[in-house]
Amino acid sequence: MTDTTNPTNTTGTTDATGATDATDDRIAAVPTPAASLGAAAGRRSARERGTRLLAALFLAPTVAGIVVFTVVPIIGSVVLSLFHWNVIDAPGFAGTANYREVFTDSTVLVSFRNTLVFMVFAVAAQLLIALSLALTLNGRMPTWLRSVFRSAFFFPLVLSAASISVVMKYLFNQDFGVVNWLIGLIGIAPVPWLTSEHGAMATVIIVYVWQQFGFSFLLFVGGLNNIPKEIHEAASLDGATGLRKHLAITLPLLSPTLLVASVVGIINALQVFEQPYVLTDGGPGDSTRTVVMVIYEKAFEQLRFGEASAVGVLLFVLIMAVTAVQFRLSRRFVHYQ
């Protein structure tokens, strides 16, 4: 009996032990909440790393372009402004001599004055014309006609500034220009558009604004389309009409767009080159000579790259200062919805 029972008991004990071990293995195989959270966090972290890597790959060409074509030239100009260099001979360290030379050069000082005068009148005219046309087209008008006007106003912007200036130089010629012929039909004597001091600056401004206002015009059109119509309707119910409605509602709501248009317009105007170079070559005298023209002349005509770089650095500082003032003032005058 004992011999017969023992094998059975031994076998039963072994089966029970085996069942217990299998149960323990299955229990151990069930993931705990902490393990599940850890695995989910790991997958999420991997996805985030993949997203950051993909974003870096997409941004890399843009960042590389900014570094190569913006940051490096700026640093190079600052460094070169501290040297005398005429391309032929080896550069010689000059310290601040180039800056002292620039501040005592009457041509450079006149060019800065001309550039600032040009900036004020050109940007003011550009914004006023663009805003007026945008408000006009935003009124009741067939869609197809609105599209035609938008394309026509933007078209000059895609043309070369040099080619436009060549054509305008003939149009504003005092002797055989179309402009003087047209005003002669109403009895006005020929105007020396390009040969008088004030006439030359006015002509440069007219040509520049004619080409550039299309950009501001499109900005204003987009800004006006983003203003809810309900606001204008409520103002009309309150009795606001015409100019009062635009001053009290449209301009405050359009102020962010005005800020962008003015910042871009001023930056472009401070770097004007093609129009005065082709139309007047800086003349008569130095009445239309701009800062960028002086940089070009010093660098590529006089081979004084150190002084040209010094003028470029000063222009860069001027642009940054004016832009900083604009953003500072925007805190008071710009209203966001």
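All figures in this text were calculated on a predicted structure; none of them were measured in a lab. (Residues numbered from 1 in each chain as written. Predicted model: local features only at pLDDT ≥ 70, side-chain atom pairs only at ≥ 80, totals over all residues. Heavy atoms only, no water.)

### Comments concerning the packing of aromatic side chains
Part 1 of the argument: Inspection of the entire model under this criterion finds 13 aromatic pairs.
Part 2 of the argument: With a centroid separation of 5.6 Å and an interplanar angle of 40°, the aromatic rings of Tyr-296 and Phe-300 are classed as tilted. Here the residue Tyr-296 and the residue Phe-300 both occupy positions in helix H12 (residues 291–301), the gap between them amounting to four residues, near one helical turn.
Part 3 of the argument: Phe-300 gets classed as exposed once you look at its relative accessible area, which sits at 57%.
Part 4 of the argument: Here the aromatic cluster, defined as three or more aromatic residues joined through ring pairs, consists of Trp-85, Phe-273, Tyr-277, Tyr-296, Phe-300 and Phe-305. (Phe/Tyr/Trp six-rings, centres within 6.5 Å; stacked < 30°, edge-to-face > 60°. Helix = DSSP H or I, 4+ residues; strand = E, 2+ residues; numbered from the N terminus. Buried < 20%, exposed > 50% of the residue type's maximum accessible area, 1.4 Å probe, protein only.)

### Remarks on the packing of H12 against helix H13 (residues 305–333)
Part 1 of the argument: Running from amino to carboxyl end, H12 crosses H13 at an angle of 160°, the nearest separation of the two axes being 7 Å. In terms of orientation, H12 lies roughly antiparallel with respect to H13. Handedness of the H12/H13 crossing: left-handed. Seen from H12, the contacting residues are Val-291, Val-292, Ile-295, Lys-298, Ala-299 and Phe-300; seen from H13, they are Phe-305, Glu-307, Ala-308, Val-311, Gly-312 and Leu-315.
Part 2 of the argument: Here the contact of H12 with H13 is built from residues that sort into nine nonpolar, one polar and two charged. (Axes fitted to C-alpha atoms, helices over the stretch in contact; angles between N-to-C directions. Parallel < 35°, antiparallel > 145°, perpendicular 65-115°, else oblique. Left-handed = near helix turned anticlockwise from the far one by under 90°. Contact = heavy atoms within 4.5 Å. Nonpolar A, V, L, I, M, F, W, Y, C, P; charged D, E, K, R; others polar.)

### Some thoughts on a nonpolar patch on the surface
Part 1 of the argument: A contiguous nonpolar patch, built from Leu-59, Val-63, Ile-66, Val-67, Val-68, Phe-69, Val-71, Val-72, Ile-75 and Val-79 and spanning about 900 Å² of accessible area, is present on the exposed surface.
Part 2 of the argument: Judged by its relative accessible area of 43%, Val-79 falls in the partly exposed class. (Patch = residues over 30% accessible without salt bridge, like charges linked within 9 Å, V, L, I, M, F, W, Y side chains within 5 Å. Areas by Shrake-Rupley, 256 points an atom, 1.4 Å probe, with all protein chains shown as cover. Salt bridge = Lys/Arg side-chain N within 4 Å of Asp/Glu carboxyl O.)

### Observations regarding the layout of surface pockets
Part 1 of the argument: What the largest pocket holds in volume is close to 590 Å³.
Part 2 of the argument: Lining the largest pocket are 21 residues; nearest its centre among them are Ser-77, Ile-295, Gly-312, Val-313 and Phe-316.
Part 3 of the argument: Only helix H2 (33–80), H12 and H13 provide two or more residues apiece to the lining of the largest pocket.
Part 4 of the argument: Broken down by element, the lining of the largest pocket gets its largest block of residues, 10 residues, from H13.
Part 5 of the argument: Tallied by class, residues from the lining of the largest pocket come to 16 nonpolar, five polar and no charged. (1 Å grid on protein atoms, 1.4 Å probe; cavity = no way out; pocket = protein on both sides within 12 Å on 5 of 7 lines; lining within 4 Å. Points joined across faces, edges and corners; volume = space filled by probe spheres on them.)

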